[in-house]
Amino acid sequence: MTTTTSTLVLTGTGKIGGHVLRGLAAAGASARSGSRSGHPPFDWDDEDTWTPALEGITSVYIAYYPDLAVPGAAEVVEKFTETAVAAGAQRLVLLSGRGEREAERSEQVVQKSGVEWTILRSSWFSQNFSESFMADALRTGTLTLPVGDVLEPFVDADDLADIAVAALTEDGHAGELYEVTGPCLMSFADAVGAISEATGRDFRYVTTTSADYASLLAAAGLAPDAIGLLTYLFEDVLDGRNAYLTDGVERALGRAPKDFADYARAAAAAGVWKER
């Protein structure tokens, strides 16, 4: 059974948020982007923007910026959750980090909210190769990261968005924790190889140390906080803890997850990695 909802999509301009908004629109659901450029604007760092953004909202897709691993994130999510429930939200869907101890604190906050909740656990998105800093590096022909042969079940953003849309608009997902993975395990070198095959270009994958990688990011102009977050994710989370597959997509959607090779071919056809 599908319910009529008015949804606030936090980080609506982000990688997954944008996909969720498009999915809600395709489903005919009323939705509002929760971002600094939204109407009204929403800013995680400005509590005065929260209540206006929540006006008339019955469900919320919660994605915390910059990341649930950041110190203090769970406390902010708790304060927002209390505000959302007080404003009338009846359904919460949280995008969480797979294998991240800090993220589990935010999960517990949502689980104790007193309203319907669904949690989506995910690690690295396939779209990180095409919609982030890694895309710029690939266009030069070489992607350098502080990651060796660790295997990762790269998740397609469309799979996450489809589950989020279903959880926000349909019955049957309340109280579910969906751990989401792609259909196979790949190293970052494997992923770059798949992109090479899809594009016909000979991309190189190079491993480096965390210290040298931090220096590369600093030289590229990234802020210290962003550098700290990225090095934490590469050092702490990418240690093999997520090198196994789960059935989250099948349980939530009744279909298989999207394959990385299919994603790479579609992105290549769109010209994402053309040399500039």
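The structure under discussion appears in the preceding block.
Predicted model only: the values in this text are computed from it and were never measured.

Calculation rules
Residues numbered from 1 in each chain as written. Predicted model: local features only at pLDDT ≥ 70, side-chain atom pairs only at ≥ 80, totals over all residues. Heavy atoms only, no water. Helix = DSSP H or I, 4+ residues; strand = E, 2+ residues; numbered from the N terminus. Patch = residues over 30% accessible without salt bridge, like charges linked within 9 Å, V, L, I, M, F, W, Y side chains within 5 Å. Areas by Shrake-Rupley, 256 points an atom, 1.4 Å probe, with all protein chains shown as cover. Salt bridge = Lys/Arg side-chain N within 4 Å of Asp/Glu carboxyl O. Buried < 20%, exposed > 50% of the residue type's maximum accessible area, 1.4 Å probe, protein only. Pairing = 2+ DSSP bridges. Axes fitted to C-alpha atoms, helices over the stretch in contact; angles between N-to-C directions. Contact = heavy atoms within 4.5 Å. Phe/Tyr/Trp six-rings, centres within 6.5 Å; stacked < 30°, edge-to-face > 60°. Lys NZ or Arg CZ within 6 Å of the ring centre and 35° of its normal. Lys, Arg positive; Asp, Glu negative; His and termini not counted. Polar contact = N/O pair within 3.5 Å; in protein donor to acceptor, adjacent residues only side chain to side chain. Parallel < 35°, antiparallel > 145°, perpendicular 65-115°, else oblique. Left-handed = near helix turned anticlockwise from the far one by under 90°. Nonpolar A, V, L, I, M, F, W, Y, C, P; charged D, E, K, R; others polar.

K.L.:
How do you make sense of unusual backbone geometry when you look at a structure like this?
P.N.:
Peptide bonds are, in most cases, trans, and in most cases residues other than glycine have a negative phi. The omega torsion across His39 and Pro40 is 0°, close enough to zero to call that bond cis. Inspection of the secondary structure puts Pro40 in the loop between β2 (30-34) and α2 (50-54). With an omega of 10°, the peptide bond between Tyr65 and Pro66 qualifies as cis. Structurally, Pro66 is set in the loop between β3 (59-62) and α3 (73-86). Of note in the backbone geometry, Thr11 takes a positive phi value of approximately 50° without being a glycine.

K.L.:
Whenever I open this one, a nonpolar patch on the surface confuses me. Can you help?
P.N.:
On the surface, Leu151, Leu185 and Leu245 cluster together to form a nonpolar patch covering roughly 210 Å² of accessible area. In this fold, Leu185 is placed in the loop between β7 (176-179) and α7 (188-199).

K.L.:
Looking at this structure, I do not really get the pattern of salt bridges. What am I missing?
P.N.:
Pairing between side chains of opposite charge can happen when their charged atoms approach one another. Counted under the stated rule, the structure contains 20 salt bridges. Glu75 is the salt-bridge partner of Arg105, the closest N and O atoms lying 2.4 Å from each other. One end of the pair, Arg105, is in helix α4 (residues 101-111); the other, Glu75, is in helix α3, with 30 residues separating them in the sequence. Owing to a relative accessible area of 40%, Glu75 belongs among the partly exposed residues under this scheme.

K.L.:
Explanation requested: the sheet that holds strand β1 (residues 6-10) in the structure shown.
P.N.:
Two modes of strand pairing occur in sheets, parallel and antiparallel, and in both the strands are linked by backbone hydrogen bonds. Reading across the sheet, the 6 strands line up as β2-β1-β3-β4-β5-β7 and stay open at both edges, with parallel pairing between neighbours. Edge strands, defined here as strands with exactly one partner in the open sheet, are β2 and β7. Neighbour to neighbour, the strand axes of the sheet diverge by 15° on average, direction disregarded. Sheet analysis places strand β5 (residues 116-122) next to β7, joined by 4 bridges and oriented parallel. Bridging from a neighbouring strand, Thr118 pairs with Glu176 of β7. Where helix α1 (residues 15-26) meets the sheet, it contacts β1, β2, β3 and β4 (91-97), and its direction lies at approximately 160° from that of β1.

K.L.:
Got a minute to help me understand the packing of aromatic side chains in this structure?
P.N.:
Geometrically, a pair of aromatic rings is defined through the distance of the ring centres and the angle of the planes. Applying the stated criterion to the full structure yields 18 aromatic pairs. An aromatic cluster of at least three residues, connected via ring pairs, comprises Trp124, Phe129, Phe154, Phe188, Tyr213, Phe234, Phe260, Tyr263 and Trp273. Against the face of Tyr244 rests Arg98, its NZ or CZ located 4.2 Å from the ring centre.

K.L.:
Whenever I open this one, the side chain of Asp67 confuses me. Can you help?
P.N.:
As for its position among the elements, Asp67 is in the loop between β3 and α3. Put simply, Asp67 is tucked away with no salt bridge, and the nearest opposite charge, on Lys15, sits 10.0 Å away. In terms of polar contacts, Asp67 uses its side chain to reach the backbone amide nitrogen of Ala69, at 2.8 Å. Every residue in contact with Asp67, bar those within four places of it in the chain, is listed here: Ala73, Glu100 and Leu229.

K.L.:
Can you walk me through the environment of Leu230 in this structure?
P.N.:
Structurally, the position occupied by Leu230 is in helix α9 (residues 224-237). A C-alpha to C-alpha distance of 9.4 Å links Leu230 and Leu217, two positions 13 residues apart in sequence. Leu230 has contacts with Phe133, Leu217 and Leu222, leaving out every residue within four places of it along the chain.

K.L.:
I'm lost on the packing of α1 against helix α6 (residues 157-169) in this one. Help?
P.N.:
Working note: a packed helix pair is described by the angle between its axes plus the distance between those axes. Viewed as axis vectors pointing N to C, α1 and α6 meet at an angle of 50°, and their least axial separation amounts to 8 Å. Classified by the angle their axes make, α1 and α6 are oblique. Of the two possible hands of crossing, α1 and α6 adopt the one that is right-handed. Residues Ile16, His19, Val20, Gly23 and Leu24 of α1 touch α6, and the partners they reach there are Ala157, Asp158, Leu160, Ala161, Ala164, Val165, Leu168 and Thr169. Taken together, the residues of the contact of α1 with α6 break down into 9 nonpolar, 3 polar and 1 charged.

K.L.:
Which parts of the structure should I look at to understand the packing of helix α8 (residues 210-219) against α9?
P.N.:
Packing of α8 against α9 brings their axes to within 10 Å, and their N-to-C directions diverge by 150°. The pairing of α8 with α9 is recorded here as roughly antiparallel in orientation. For the pair α8 and α9, the sense of crossing is right-handed. Where α8 approaches α9, its residues Ser210, Tyr213, Ala214, Leu217 and Ala218 are matched on the opposing element by Ile227, Leu230, Thr231, Phe234 and Glu235. Tallied by class, the residues present in the contact of α8 with α9 amount to 7 nonpolar, 2 polar and 1 charged.

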